[in-house]
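# An overview of the molecular structure
As a plain string of letters, each chain reads:
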Amino acid sequence: MFFQDQPKSITDCFQSNGDLDLDRYQAYTRTTAEQSRKHLADAIGLPYKREDIIFDNDNVNGANTQQEKETKTRRPRYVLAKRNEDGTVVPILPKESNWWVLYVQSPLTDDDR
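## Topic: the environment of Lys 8
If you trace the backbone, Lys 8 turns up in the segment before α1 (22–44). When its relative accessible area of 73% is taken as the criterion, Lys 8 is described as exposed. Sequence separation between Lys 8 and Tyr 28 is 20 residues, and the spatial gap between their C-alpha atoms is 7.0 Å.

Following this line, the structure appears as structure tokens:
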């Protein structure tokens, strides 16, 4: 529905008896949303075309529903290691890590306060 006098504020959407006119409210939210999109497009320097707006409720985020989502795999955990005197790489024990020295052997952890 198109109104000749578009509501300029939310107070224009109320009827004289105090009830909310839903058609005018929807027109108000449509115009404010379009104005927000225009301001955002101007702010980031993109051209604004009304045809580019997606009105499909199922595809709000613009995600392509035909493409399957790529499953992400976790990176393999790395092992902390050190080199021996002969140059071979040997994993370190947890007590030899920086975390152990900073958090477990910290003098602040010995304080009972």
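## Description of a nonpolar patch on the surface
Taken together, Ile 10, Phe 14, Leu 20, Leu 22 and Tyr 25 make up a surface patch of nonpolar side chains, about 440 Å² in accessible area. By the element assignment, Phe 14 lies in the segment before α1.

## Notes on the packing of aromatic side chains
On inspection of all chains with the given rule, the structure shows two aromatic pairs. Aromatic pair Trp 99 and Tyr 103: ring centres 6.5 Å apart, planes at 35°, arrangement tilted. Residue Trp 99 and its partner Tyr 103 are both found in helix α2 (residues 98–104); the two are separated by four residues, about one turn of the helix. By relative accessible area, which is 54% here, Tyr 103 ends up exposed. Among the aromatic residues, ring-to-ring pairing joins Trp 99, Trp 100 and Tyr 103 into one connected group.

## Section: the pattern of salt bridges
Evaluation of the coordinates by the stated rule reveals two salt bridges. Salt-bridge contacts for Glu 34 lead to Lys 38; the nearest nitrogen and oxygen are separated by 4.0 Å. Here Lys 38 and Glu 34 lie together in helix α1, a separation of four residues that amounts to about one turn. The exposure class assigned to Glu 34 is buried, which follows from its relative accessible area of 19%. Close ionic contact of Glu 96 with Lys 82 constitutes a salt bridge, the shortest N to O distance being 3.5 Å. Of this pair, Glu 96 sits in the loop between β2 (89–91) and α2 while Lys 82 sits in strand β1 (residues 81–83), and the two are 14 residues apart along the sequence.

## A word on the side chain of Ser 97
Here Ser 97 lies in the loop between β2 and α2. A polar contact of 2.8 Å, which involves the side chain of Ser 97, links it to the backbone oxygen of Pro 94. With residues up to four places along the chain from it excluded, the contact list for Ser 97 reads Leu 80 and Ile 92.

## Observations regarding the confidence of the model for the protein chain
The predicted model of the protein chain has a mean per-residue pLDDT of 76, with 74% of residues at 70 or higher. For the protein chain, the element scoring lowest by mean pLDDT is α1, at 84; β2 scores highest, at 89.

The rules we used
- Residues numbered from 1 in each chain as written.
- Predicted model: local features only at pLDDT ≥ 70, side-chain atom pairs only at ≥ 80, totals over all residues.
- Heavy atoms only, no water.
- Helix = DSSP H or I, 4+ residues; strand = E, 2+ residues; numbered from the N terminus.
- Buried < 20%, exposed > 50% of the residue type's maximum accessible area, 1.4 Å probe, protein only.
- Patch = residues over 30% accessible without salt bridge, like charges linked within 9 Å, V, L, I, M, F, W, Y side chains within 5 Å.
- Areas by Shrake-Rupley, 256 points an atom, 1.4 Å probe, with all protein chains shown as cover.
- Salt bridge = Lys/Arg side-chain N within 4 Å of Asp/Glu carboxyl O.
- Phe/Tyr/Trp six-rings, centres within 6.5 Å; stacked < 30°, edge-to-face > 60°.
- Polar contact = N/O pair within 3.5 Å; in protein donor to acceptor, adjacent residues only side chain to side chain.
- Contact = heavy atoms within 4.5 Å.
- pLDDT = per-residue confidence, 0-100.

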